[in-house]
Amino acid sequence: MEYVKYEKKGFVGILTINREKALNALNSQVLTELEQTVDSISVEDTRCLIITGAGEKSFVAGADISEMSTLTKAEGKAFGEKGNTVFRKIEKLPIPVIAAVNGFALGGGCELSLSCDIRIASENAVFAQPETGLGITPGFGGTQRLARTIGIGKAKEMIYTCSKVKADEALSLGLVNAVYPSGQLMEECLKLAEKIARNAPIAVRAAKKAINDGMQVDIDSAIAIEAEQFGGCFETEDQKNAMTAFCEKRKPEPFVNK
Ligand code: CAA
């Protein structure tokens, strides 16, 4: 892989968009490598994924503007579909995904972070959807996920005005869960990922599925989805281990993902 780096720390996967010279902008090759890496992640040995960008300046500065500059309508649509396919795969990964937003998260970069479950930002992070200033709309899910995350009014304001949102404002909008100094960002994201990884993996995955699938449907269908996921956790080794330990007033054994 030229533009995507993947490493493991225990049960945590760390995926880095590694195109620092272009502030990690997403061209077709980056998207292809991102998709291949996401496809290769196994829930057998990975319990949480962190996505970040190389360097201290930028998470991802958007889709590649030079590549997009000469596209036809049909090619533009296909490029949008390519990005959307990859980002939907990230959103649907069974394990939780944390975006470690280390600087610019513009256009496709903001959209990439929105396809993750949780966004944690460095103090120098800047979010924006600058597309209407480039003569296009957000094209990798921004018109949909931004409104679902921060509400329709603020999302429309960000998209219509292209305004930049700094880390502290992103925190107050609920766009990010926490903000840390740059030097501490990865350490804090790893702490969070490891905290997630200590809980029963089958239950964490079931909770993600229940939340994500349930948010797309009416409340009656949503609680039926929850019941299905809740029921599916019973008779697992981890459920028996944890509940028996509680009843016996002791700590459970580490979870085994079975
Ligand atoms: N596409 C292609 N190249 C990009 C890029 C992008 N989105 N963002 C930055 N780069 C490149 C620059 O062209 C430059 O390359 P060269 O050194 O070869 O000239 C390099 O990265 C460094 O960038 P700057 O010199 O511009 O750095 P800066 O510190 O002066 O500015 C910035 C940083 C404010 C992020 C500025 O680069 C910028 O505005 N980038 C574009 C941001 C943007 O508009 N993103 C949205 C793209 S549209 C989109 O994403 C559509 C979608 O929804 C799918």
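The shown structure was predicted, so the numbers you read here are calculated from the model rather than taken from an experiment. (Residues numbered from 1 in each chain as written. Predicted model: local features only at pLDDT ≥ 70, side-chain atom pairs only at ≥ 80, totals over all residues. Heavy atoms only, no water.)

Read across the sheet, four strands follow the order β4-β6-β8-β9 without closing on themselves; strand pairing throughout is mixed. Only two strands of the sheet have a single partner each, and these edge strands are β4 (58-60) and β9 (165-166). For strand β6 (residues 104-106) and strand β8 (residues 126-128), the ladder comprises three bridges, and the chain directions are parallel. Across the sheet, residue Leu106 finds its bridge partner in β8, namely Ala128. (Pairing = 2+ DSSP bridges. Helix = DSSP H or I, 4+ residues; strand = E, 2+ residues; numbered from the N terminus.)

Where nonpolar side chains cluster on the molecular surface, the patch consists of Ile65, Leu134 and Ile136 and spans about 260 Å² of accessible area. Topologically, Ile136 is positioned in the loop between β8 and α5 (142-150). Of the residues examined, Ile136 reaches a relative accessible area of 36% and is grouped as partly exposed. (Patch = residues over 30% accessible without salt bridge, like charges linked within 9 Å, V, L, I, M, F, W, Y side chains within 5 Å. Areas by Shrake-Rupley, 256 points an atom, 1.4 Å probe, with all protein chains shown as cover. Salt bridge = Lys/Arg side-chain N within 4 Å of Asp/Glu carboxyl O. Buried < 20%, exposed > 50% of the residue type's maximum accessible area, 1.4 Å probe, protein only.)

On to the sheet that holds strand β2 (residues 12-17). In space, the six strands of this open sheet follow the order β1-β2-β3-β5-β7-β10, with mixed pairing throughout. The open sheet is flanked by β1 (4-9) and β10 (178-180), the only strands paired with a single partner. Each neighbouring strand pair of the sheet contributes to a mean axis angle of 20°, computed without reference to strand direction. (Axes fitted to C-alpha atoms, helices over the stretch in contact; angles between N-to-C directions.)

Here we take up the side chain of Thr52. Its location among the elements puts Thr52 in strand β3 (residues 48-53). Within the structure, the side chain of Thr52 is placed 3.3 Å from the side chain of Asn102, a separation counted as a polar contact. Sequence-distant contacts of Thr52, that is, excluding residues within four places in its chain, are made with Leu15, Thr16, Ile17, Phe59, Ala100, Asn102 and Met186. (Polar contact = N/O pair within 3.5 Å; in protein donor to acceptor, adjacent residues only side chain to side chain. Contact = heavy atoms within 4.5 Å.)

In short, shape yes, function no, at least from these values alone.
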